[in-house]
Amino acid sequence: MEFVKTADGSKTLFHEQIGEHYHSKHGAQQESIHVFLNTGLRYWLEKNVAKNASILEIGFGTGLNFLLTADYCAKNLIGLNYVGIEAFPLSNELVSQSEYNQYISEDIWKDFLLNYTEALNSKIKLTDNIHLEIAHQKVMEFNSLEQFDVIYFDAFAEIHQPEMWTPETLAHVTQFLKPNGVFVTYAITGNLKRAMKALGFSIEKAPGAPGKREMLRATKL
Ligand SMILES: C[S@@+](CC[C@H](N)C(=O)[O-])C[C@H]1O[C@@H](n2cnc3c(N)ncnc32)[C@H](O)[C@@H]1O
């Protein structure tokens, strides 16, 4: 795989077999900031007046969501515990070609590349306030004693990977969310809304990232 440019100048990968990009082609960085950082984490931090947050991401991929989140947390003195689930981790070499260093501090970028391979085996301390673990597993095999404040659900689209969006998969991942925890994803469909409601979530349509009218934010009651 090779990185290609999206409309905001930031890069993404194209997955040939799946037939989809890892991020929105309207702007990878824009999408990540809007959907996950702003509509997910920052919303939860404001609601809970919190100084620490734990995040579970489904589909860690290039690490863009983690990097922008870690950078925000470092700059705002927020403690971050981040677990990304990834069935098919990218090589360290490919990850280092994203050029995402231009959106974050030099330290976060350096520490990320230095610890990426190790994070695939165990939880690592990136800085005093930032911990990262990449669970090298398929989502349905993931298990944890931890409970999280925010879920970043960043699977490939339902049309390409329907098994990631079934009520069973959504029930599996949301069991790791704390009460009042927030689940965000870039998409919103009737099936997704029904499944999340059935799981006892309060659901909201939030404005979508450029190129998408709406996205889903769901709060665990
Ligand atoms: C849309 S991409 C994620 C993009 C990523 N968040 C980023 O910032 O680069 C979807 C990711 O889900 C991963 N994936 C596919 N099937 C999976 C499964 N069954 N369990 C866990 N991860 C899976 C893919 O390998 C890919 O990295």
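Everything here concerns the structure above.
The rules behind the values
- Residues numbered from 1 in each chain as written.
- Predicted model: local features only at pLDDT ≥ 70, side-chain atom pairs only at ≥ 80, totals over all residues.
- Helix = DSSP H or I, 4+ residues; strand = E, 2+ residues; numbered from the N terminus.
- Rg over C-alpha atoms; globule rule 2.2 N^0.38 Å.
- Buried ≥ 20, exposed ≤ 12 C-beta atoms within 10 Å, placed from the backbone.
- Pairing = 2+ DSSP bridges.
- Core = buried A, V, L, I, M, F, W, Y, C linked by C-beta atoms within 7 Å.
- Contact = placed C-beta atoms within 7 Å.
- Near = placed C-beta within 6 Å.
- Nonpolar A, V, L, I, M, F, W, Y, C, P; charged D, E, K, R; others polar.
- Axes fitted to C-alpha atoms, helices over the stretch in contact; angles between N-to-C directions.

The subject of this paragraph is the overall build of the protein. Across its full length, the protein holds six helices and eleven strands. For 221 residues, the compact-globule estimate of 2.2 N^0.38 gives 17 Å, and the protein sits close to it at 16 Å. With respect to the three principal axes, the spread of C-alpha positions in the protein is 40 × 35 × 30 Å. In the protein, which comprises 221 residues, the proportion classed as buried is 41%.

Spatially, β1-β2-β3 is the arrangement adopted by the three strands of the open sheet, whose pairing is antiparallel. Single-partner strands in this sheet number two, and they are β1 (3–5) and β3 (20–21). One ladder, built from two bridges, connects strand β2 (residues 11–15) with β3; its direction is antiparallel. Within β3, the residue paired with F14 across the bridge is H21.

Judged by how many residues are buried, strand β7 (residues 130–135) sits mostly within the fold: five of six residues are covered. For strand β5 (residues 79–85) and β7, the ladder comprises six bridges, and the chain directions are parallel. Residue pairing for β7: L80 is matched across the bridge by I130. Relative to β7, strand β6 (residues 124–127) runs antiparallel, the two sharing three bridges.

Counting 58 residues, the largest nonpolar core has L67, A70, V150 and I151 as the members making the most contacts within it. Sort the elements by how many residues they give to this core and helix α1 (residues 28–48) lands first, with eight residues. Those residues within four positions of I151 in sequence are excluded, and the remaining contacts are L56, V173, T174, L177, G181 and F183.

Around the ligand sit 16 residues, and of these G59, G61, T62, L64 and A87 come closest. Taken together, the residues that form the shell around the ligand break down as nine nonpolar, four polar and three charged.

Turning to the sheet that holds strand β8 (residues 148–153), a few remarks are in order. Strand pairing in a sheet takes place through backbone hydrogen bonds and is either antiparallel or parallel in direction. The strand order β6-β7-β5-β4-β8-β9-β11-β10 describes an open sheet built from eight strands, whose pairing is mixed. The open sheet has two free edges, formed respectively by β6 and β10 (201–207), since each of these has just one partner strand. Strand-to-strand, the axes of this sheet are offset by a mean angle of 20 degrees, without reference to chain direction. Packed onto the sheet, helix α4 (residues 106–119) meets β6 and β7 and runs at close to 175 degrees relative to β6. Packing against the sheet, helix α6 (residues 190–198) makes contact with β10 and β11 (214–220), and its axis sits at approximately 145 degrees to β10.

Attention now moves to the environment of Q29. Inspection of the secondary structure puts Q29 in helix α1. For Q29, a count of 21 C-beta atoms within 10 Å puts it in the buried group. Separated by 81 residues in the primary sequence, Q29 and K110 have C-alpha atoms spaced 19 Å apart.

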